Structures are given as C-alpha cells and as structure tokens.
Amino acid sequence: MRRQVLLFVSVVSLCSVLGQVSYSVPEEMSKGSLVGNIAQDLGLDLKRLKTGNARLHIGNSAEYIELNKEKGLLLIKERIDREALCKQTTPCALHFQIILDNPIEFYRVTVEITDINDNAPTFKMNNMLFEISESAAKGAKFVLEKALDSDVGINGLKTYSLNPTDNFVLKLNDNAGGEKEVEMVLEKPLDREKQEHLTLTLTAVDGGEPQQSGTVQIHVTVLDANDNAPVFTQSTYKASLMENTQKGTSLMTVTATDIDQGTNSLLTYSISSNTDGILDLFEIHGTSGEVRLIGKIDYETSKHYQLHVKARDQGGLTDSCKILFDIIDVNDNTPIIDLMSTTQSIPEDSTLQTVVAVMNVHDADSENNGVVKCFLSDSVPFIIENTSNGFYSILTNTDLDRETASEYNITVTCSDEGVPSLSSSVTLTLQISDVNDNAPVFERSSYEAYIVENNTPGLSIFTVKARDADWNQNARVSYILEDSSVNGVPVSSYVSVSADSGVIHAVRSFDYEQIKDFQFRVKAQDGGSPPLSSNVTVKILIQDQNDNPPQVLYPVQTGGSLVAEMVPRSADVGYLVTKVVAVDVDSGQNAWLSYKLQKATDRALFEVGLQNGEIRTIRQVTDKDAVKQRLTVIVEDNGQPSRSATVIVNVAVADSFPEVLSEFTDFTHDKEYNDNLTFYLVLALAVVSFLFITCLVVIISVKIYRWRQSRILYHSSLPVIPYYPPRYSDTLGTGTLQHVYNYEVCRTTDSRKSDCKFGRAGSQNVLIMDPSSTGTMQRIQSEKSILDEPDSPLEVRTFSPLALSKLHVYVCLLADCLVSAPWTEAAPCIPLPLSCSHISCHTVVIICFNFC
C-alpha cells in the first residue's frame, strides 16, 4: 500500500487559509488506518490542536476521515469505496478543512483515493442472442454488449477474447470517447445445415494485478439468408439538451435503411449503453426510431450523454450509431452557504478587521450561473470579504459600541449571476459583550441645594444622581465625597454622601451667621475594572432663620454709670433727642428692625421713629414737665416669630447740667427699690392666689360631704325637735363682761337641706376665750357632730364682746355666701343688724382667714 503526501503552504493577505496539504491513499483501507501526520505536515503544535479545538469540516459529505488531536494524525474513519464515492470520475478525492479557534484558522486538506483492482469486469446481460443468416457475407459485423468495470485506469477494462474462433473473430475499435467498441466479425460463412446454433464465450479482462475477468455466453442462431444489413443514415447524431427538460419530450429520430425486401427489411431500434442509468433517462420507439426523454436531466450530475442505438432487421442483421447529447446548464441551483466557524460574542473594544465568522459558499451551476457574490443585506458595522475561491470571512468594519447596539443580526445573502438570479441567505446573531468604556455621568453639571440653619444632624439635604451607560457591574455607581476643606475644616465634618444612593446628609447643625455657603465635589465611580469616574461640584447654601434677637449698639447700657440725654426746655416739636441704633446679625427680613416706645414717663412728650429709631419730641416742652424722663424702647425684627430687645433711655429735661446732676443722683437707688418692690408684689400675689384656690377646694369638698349627709337625714322618718340646753356659767370667775351671753343656733325642719355647716364632720366645736388673753381663741373638738345629732345645738361661750361680735359677723358672712340664701328666711340664723349680702365670698374667705 502506497501513501503519498503533498504539502502546500500559502499566505494570503486578510485570509484565514494558512495552508493546504494533500494525501493519496488507496481505497478499501481498514478503519483506523493512517492517512497522514497532519500536525507534522502543517507544522502545528499538538497543544495548538487541543487549545484551538481542532476539528474537520467535511460539509455535507460522509465522514470517511477523522482527526486524532492527541497525536495529530488523520485516520480512516469508515472504509472507502472509490467506485461508490466517485464512480468513473478521476481523480477521486476527498476535500475538507481543518478548523482552529482562538484565533480562527483553517487549512485545506485533499485526500486522493486511488483505485485498487477490487472489481472484475461484468456484463449486464447474462446471454447475448444473435440470429445470423447463413448468407451473411464474410466480414459481417455484429456489435457485442460491452463489459462494465467499476475500476479505473490500469485496473479498468483492458481487452476482450472470444472462444471459439471457428466462424467469428473479435474486433476492437476505439471510439471518440476512448472506449473500446466490441464487434464480432464473421470470418467464415455459416452453414445452417451443418450447425444451426453456435455458442461462443466472450471474456473481458482488466489490467489489474491480479488480473480479473468476466464472461458472457453468445448464442448464435443461423437463419436463412438475409444478405443485407441495416445502415444508419448517420454514424453519429449530435444534439443539445436543456437540463430540467420535461419528461416525454421528443429529442430526435434516428433512421436506418435495409435494401432487403419483405420481412428482412423490417427494422427494430433499440438502445444499448454501458453507462448506468441511460435506459432510465432515454427511450427509443422500436419501429420509428424516435428518441424520447423519460427521466430528469441534471447538468450537475452529467454534462454529456452518449447513446448507442442499434437497428436490427428481421434477418438479424444490425447496424449501430451514436447519439451525443450536450446538456445545457440552467440556473436551477441556489448558492449553498456552509458556516464553517462562527463567534457567538465579541467584546465591544475588538480591533478592526476582527473575524467573526468563516463560511464556504458554492453553487452547483456552471459558468455565470455558478458565479456567486455575497453581501450583507443590513446596515451593520461588518463587511464580508472573499478570502479565497468560495470562502468568505465576516469582519468588523468600524468600532463597536454595546451602548448603541448590544446585539447584531447579521444577514448574509449570496446570489449567483444567472438569469433569473437565485440567492440564499443566512442570519448570524452576534452578541456584543460590555467593556467598561463609559464613565458615570451626572444628571447636572453642578448642583445647588438649600438648607435652613439650625438643622438636625443627619438631615437629608438632597440627592445627586449619576448614570452609567455600561451594563451590569460596569454600570454599578458608587458615590464618594472627595477630600477638601471648608475654612480649614474637612468637608466630611459638614456633610456625608451615601455610597449607594447618592443622598447627601448634613453631619452637623449649620449656623448661617458663621457660614453662609460652601461647596465640595462628589465623585461617581463605577464597578468596572479598571473603574471609571467623574465628579461634580455641589454648592450648599445655608438659609437664615430668625434665631438672633436685635442687639442695641446705642445707647450703651452700663451697670455702673448713668447716661442721660438732655433736652432743653426750649425744645420745639420734632426735636431730635437721640437715636436708638440696633443691628440684627440675621439676614433678609429677619434683620428688618422696627422701633416702638414701650413705656415712658410721659408718653405725650416723646415718640420713636418706627424705621429709624429716632426719639423726637411730639409737643412743646414746658416747665411742668419732669426733669427725669425714663423711656423704654423695644426693638423688634421682622422674623417669624419675631425677636426683640429693649433699651432704657434716660432723658433729662433741663437747661443746665447742675440741675440734671442733682435730679439724677438717687435715680439708681429708686430703680433698685422699684425693682425689689415689683418682685415682692408678684410673690405676694402668687401666695394669696395659691391659698385661695386651696381654701376653695376644701370648702367645696366639705360642702359636697354635708350635702350627702343631709340627704340621708332628709329621707329618715325621725322628727326634728328643738332642744334648748341649760346656760353655761362663767367658771373662770373673771372676764371683760359681767354677764354671760349664750347664743343658740336653731335649725328648722328644712334646715337640713341647707349647705350651712359648722365645724368638721363628726365633731362639736366649743370656742373659749381665755380671760388672761384678749386675742387668743382655743378650739376643743369632740367626737360628735352636731349634724349627726339634730337635738344638740351649737353652744358658744364668749368672754369678749368685741371678739364675739366679730366672730358672729364672720360666721354670718361665710354662711350667707355658702348657703346663698337670703337672711329673711324663716327662723333666721342670728339676728344681727349687719347685712352680708354685699360682701363677696372671696372677701369673706379672706376675712375668716385673717381672723383665724
């Protein structure tokens, strides 16, 4: 077994075909047989075959060859039958490509399949039958069926032999196609009376080693004399035939003549051919010689057809002719696009002329019908180039931008130059992978934000926003506060920035009077590698709040000395006494000041300008006006709420300084005295109010309790009987009165409804005055209540008529206020000449309190 290796290496500009190698192997090699060391022949490293995912691109053909990437060898994958693969075509070869990725490369490989003598010549007919007249002249020719040998070249059909050769010899003629025409020539006249049937053996022998042969039996029947053979009008007929001609079309008519008469002149036409499939394509009418198309003609299958037509008369004499059909190509095949290698995704920063796909395009038609041009039908940033015969590459033509287009559908259309033109197309989907080539962009070129002073630390001021046109991690934006300082203080002590949301928070509480505005820079950085960033300037403006009261600059208020403005008594109306000067450190309307006269010794003498703070006289100064004039001026701002400050202006109405000095020597002392007096008055008012409220609560509580007890007594069935106890004597023996005065408090049956109650619940009160003391009163409490015992009157022993009269008055007044009933009721309480109705309850309570 012989194996030949031919290696061709070529380099073409902008072409991915880096080399070509050819091998020659015989057919019928066993599976796994070596074809060639492709790695060595192409100069490729075995590692490159593995990393480049080396593979064979066979196309639509059967896979007879396989690649061993581990050893870099081409091996037989399936047993190859050259006759089944190429039939009679020579040379017979397999064409395929070796494809490598990263980068995309491919090499052409041609494996020529050489023929071996594995087929013997065969005849399609088992027997050949001839009927030959005995009158056949010497030299008469009889065309024999040719043998078929699937092998080619030296292994093909070589010669024929005929046995026996008593009457016939074999004659071989070479026709225009290079084939041998086999004729049996009558060498010796036949004699039917001696031998009516002859059997000959025709042997076909090839030229291979070992030599192989095939035989067929020729049976000759000797007929009666028919001494003229048919003769065709032409030995060769030629015609052109369009492919795809409809079946049943009449192609031509062949004619043969026989000068015999009768039945010996009747001819029969038939087609004989050693080409497979001829009888499936053509037929001839047996008597008319009309040739018709019965099959489908395909130019791509065969460009020429040769028919052998035989005319036979009734005597068995024959003649033959040839019909040559030239097939005219019709544009009936669309271009076939075979994608050899494609890329699913490329980065957007790929360089120009990057190969994204390699394809093979071929058209089975011929001439212009088979000339193919490919183009990209869509407007895409790619071009297609014809790198070699039938091979195309799709390359990038411009810079790619994923943000503009993240995916391309590349439609490749290939059309031939036939009329009409046929085309086919294929669509490739190419993803553009993202590269971090876009920095974040802020929505605004700069930001300004406002915040009111005295804010709470941590307050959200506003939000900066940046967008990144990239995708996924490359588009994830983080916000960073760039290092800077404001008045020597790091800006991070003023504000902070949320890394995820871009929200700017105040770190401290701002004071407008200390800082009115400041600016800093915020950087937006994406998550790419390396990261890209951009920054923006942010200006924070502090808004003023009315948090500062006005400050009086003039007149200056001092604690140790007295300053007074002098106004001569001759001053006219509108005389400028002085001007109150005040400022407010706030801004805007919070700093707008207005001046008002709050207090003055004589309001009819002075006025204050609302806007300018000027103090002027509003009437003529007279001698009756006091020398010392004290003005209190209040200065208010225009904020919400407003803040104010007061200033005291001392004015001296005098014509000379000594007069003023004598009047103002005790001014400070009077001021201090008045201030102390005011404090004590306020304190006394607070104490009295507290005591009044306390007494009022106690009285109301006692009133409610007595009312509840009276309701219980009112619903009882016991009668109320007045009881008069015996008089009490003066046991002490001394006193201011010589007689004892007993006052009895009597109650009617309806008096239990009254709110007049004496003493505490559940106790009996006896008021005793010690004769040795004129202002002291002792209270003795017992365990019984006069309300609980209706028959027990209240007994009062008085040793001082003045004290007793006062006590009666106070009790009467208090009872009158609490009961709220007139003294003219039945059974008056105490017959006194005083009227209590004009005294208020509040006054009564105070009187009782003072008495106690």
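The numbers attached to residues start from 1 for each chain and follow its sequence in the written order. Totals for whole chains, interfaces and linings use all residues, but because this is a predicted model, local features are given only for residues with pLDDT of at least 70 and pairs of side-chain atoms are given and counted only at 80 or more. Side-chain measures were taken over the full set of non-hydrogen atoms in the model, leaving aside hydrogen atoms and water.

1. A few points about the pattern of salt bridges
We apply this condition: The working definition used for a salt bridge is a side-chain nitrogen of Lys or Arg within 4 Å of a carboxyl oxygen of Asp or Glu. Strands are runs of DSSP state E lasting at least 2 residues, helices are runs of H or I lasting at least 4, and numbering of each runs from the N terminus. The classification of residues rests on relative accessible area computed with a 1.4 Å probe and restricted to protein chains. Under 20% of the type maximum is buried, over 50% is exposed, and intermediate values are partly exposed.
The full count for this structure, using the stated rule, is 19 salt bridges. For Arg467, the salt bridge identified is with Glu443, shortest N-O distance 3.4 Å. Of this pair, Arg467 sits in strand β36 (residues 466-467) while Glu443 sits in the loop between β33 (441-442) and β34 (446-452), and the two are 24 residues apart along the sequence. Among the residues examined, Arg467 registers a relative accessible area of 56% and is labelled exposed. One connected set of salt bridges, linked through shared partners, spans Arg82, Glu83 and Asp115.

2. Observations regarding the environment of Asp276
Residue position: Asp276 is located in the loop between β20 (267-272) and α4 (278-281). By relative accessible area, Asp276 is classed as exposed at 63%. Sequence separation of Asp276 and Leu148 is 128 residues, and the distance between their C-alpha atoms is 9.5 Å.

3. What about the state of the cysteines?
Note: disulfide means a covalent bond formed between the sulfur atoms of two cysteine side chains. In plain terms, the rule: Any pair of cysteine sulfurs within 2.5 Å is marked as a disulfide.
According to the stated counting rule, one finds 2 disulfides in the structure shown. The disulfide partner of Cys374 is Cys414, and the gap between their sulfur atoms is 2.0 Å. Residues Cys374 and Cys414 share a disulfide whose torsion about the S-S bond is about 110°; that sign makes it right-handed. Taken together, the residues Cys374 in strand β28 (residues 372-376) and Cys414 in strand β31 (residues 407-416) connect sequence positions 40 residues apart. Per residue, the accessibility class of Cys374 equals that of Cys414, and both read buried. Ordinal numbering of bonded cysteines along the chain defines a disulfide pattern of 1-2, 3-4.

4. Observations concerning the sheet that holds strand β9 (residues 127-133)
Selection criterion: Pairing between strands is defined by DSSP: at least two bridges between the two strands are required. Only the contacting stretch of a helix is used when fitting its axis, a line to C-alpha atoms as for every element, and angles between N-to-C directions run 0 to 180 degrees.
Reading across the sheet, the 4 strands line up as β9-β15-β14-β11 and stay open at both edges, with mixed pairing between neighbours. Whereas interior strands pair on both sides, the edge strands pair on one side only; in this sheet they are β9 and β11 (157-163). Across the sheet, the mean angle from the axis of one strand to that of its neighbour is 25°, orientation sign disregarded. In terms of strand pairing, β9 meets strand β15 (residues 213-223) through 7 bridges, oriented parallel. Looking at β15, one finds that Glu131 is bridged to Thr221.

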